[in-house]
Amino acid sequence: MSEHILLVEDEVNLAEFLEMELTSEGYIVSVAHDGVTGLMLARKSNPDLAILDWMLPSLTGLELCRRLRATKTKIPIILLTAKHEVSSRVMGLDAGADDYLIKPFKLEELLARIRAHLRRSVEKDKRHLLIFEDLILNRKTHEVFRGNRAIELTVKEFDLLEYLMSNPHQIFTRNQILEQVWGYDFVADSNVIEVYVRYLRLKLEKNDEKRLIHTVRGIGYVLDVSKH
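Residues numbered from 1 in each chain as written. Predicted model: local features only at pLDDT ≥ 70, side-chain atom pairs only at ≥ 80, totals over all residues. Heavy atoms only, no water.

An unreviewed UniProt entry lists the chain under the name Two-component system response regulator, with Mastigocoleus testarum BC008 given as the organism.

Right, dumping it as structure tokens:
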């Protein structure tokens, strides 16, 4: 998956040059020429990294940075500015920027910083991932993939899959699943687990993929590559 970069720069020629170079590097690039549009794009597109010019019309890059951080976004933010003063760098970092590049700058340096920040961001995100075979669950974004196929799950389907993926190869009884996923004790005539396991299997095996959630007769369920 190509990383998505938001570029907010009011110098049109520079913005076009950077967009062309970033695109040639394989990034998906969204461009805005003022702060308000940049803020709207950031909220709409959820980029992986933002490059903000300091001096922007309608909303400065510094204020845009503050507003993005106020939304709890953790994406890396690089500020571009002609300001050389140490106090300006401090202001930028205090506003929530991760990096600061002074104009004019070398393209190679910007690209190197982008790679470094995206690499660190990916490493942080890995802590939110559960992976089993070709099944990937992201606890942070609530996304689930089987290979390259995105799978839409309800909240309870996600919770059940997360519970099973947290301890693969471990057999869970129906009581354990009810207590941990539904939060109440087992009800003798309840078939809620069977129903949700069936929902999950239909979605996970939509394209005839290998079964991963297996029934262990008389006990419960297990996430495994083969039936126990």
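The discussion continues.
Asks: Can you tell me about the pattern of salt bridges, naming the residues and giving the values?
Replies: Applying the stated rule across the entire model yields 16 salt bridges. A salt bridge links R67 to E63, with the shortest nitrogen-to-oxygen separation between them at 3.2 Å. In this pair, R67 and E63 are both assigned in helix α3 (residues 61-70), four residues apart and thus about one turn of the helix distant. A residue is classified by how much of its surface remains accessible, and R67, at 37% relative accessible area, is partly exposed. Using a relative accessible area of 27% as the deciding quantity, one classes E63 as partly exposed. (Salt bridge = Lys/Arg side-chain N within 4 Å of Asp/Glu carboxyl O. Helix = DSSP H or I, 4+ residues; strand = E, 2+ residues; numbered from the N terminus. Buried < 20%, exposed > 50% of the residue type's maximum accessible area, 1.4 Å probe, protein only.)

Asks: An account of the pairing of strand β8 (residues 143-146) is requested, with residue identities and associated values reported.
Replies: Strand direction decides the pairing type here: strand β7 (residues 135-138) and β8, joined by four bridges, are antiparallel. Bridging across to β8, L137 finds its partner in V144. The hairpin turn running from β7 into β8, its antiparallel successor, is four residues long, and H142 in that turn takes a positive phi close to 60 degrees. Across three bridges, the pairing between β8 and strand β9 (residues 149-151) is antiparallel. In the sheet register, V144 faces β9, and the bridge partner there is I151. (Pairing = 2+ DSSP bridges.)

Asks: For the sheet that holds β7, give the residues involved together with the corresponding values.
Replies: Spatially, β6-β7-β8-β9 is the arrangement adopted by the four strands of the open sheet, whose pairing is antiparallel. Where the open sheet ends on each side, the last strands, each with one partner, are β6 (129-132) and β9. Mean inter-strand twist for the sheet, computed between neighbouring axes without regard to direction, equals 20 degrees. Across the sheet, helix α8 (residues 192-204) lies against β7, β8 and β9, angled at about 160 degrees from β9, the strand it touches most. (Axes fitted to C-alpha atoms, helices over the stretch in contact; angles between N-to-C directions. Contact = heavy atoms within 4.5 Å.)

Asks: Tell me about the sheet that holds strand β4 (residues 77-81), and name the residues and values.
Replies: Reading across from one edge, β2-β1-β3-β4-β5 is the order of the five strands in this open sheet, with parallel pairing throughout. Either end of the sheet is taken by a strand with one partner, and the two such strands are β2 (28-32) and β5 (99-102). Direction aside, the axes of adjacent strands within the sheet are offset by 20 degrees on average. Strand direction decides the pairing type here: strand β1 (residues 4-8) and strand β3 (residues 49-53), joined by four bridges, are parallel. Within β3, the residue paired with L6 across the bridge is A50. Helix α1 (residues 12-24) contacts β1, β2, β3 and β4 of the sheet and is inclined by roughly 170 degrees relative to β2.

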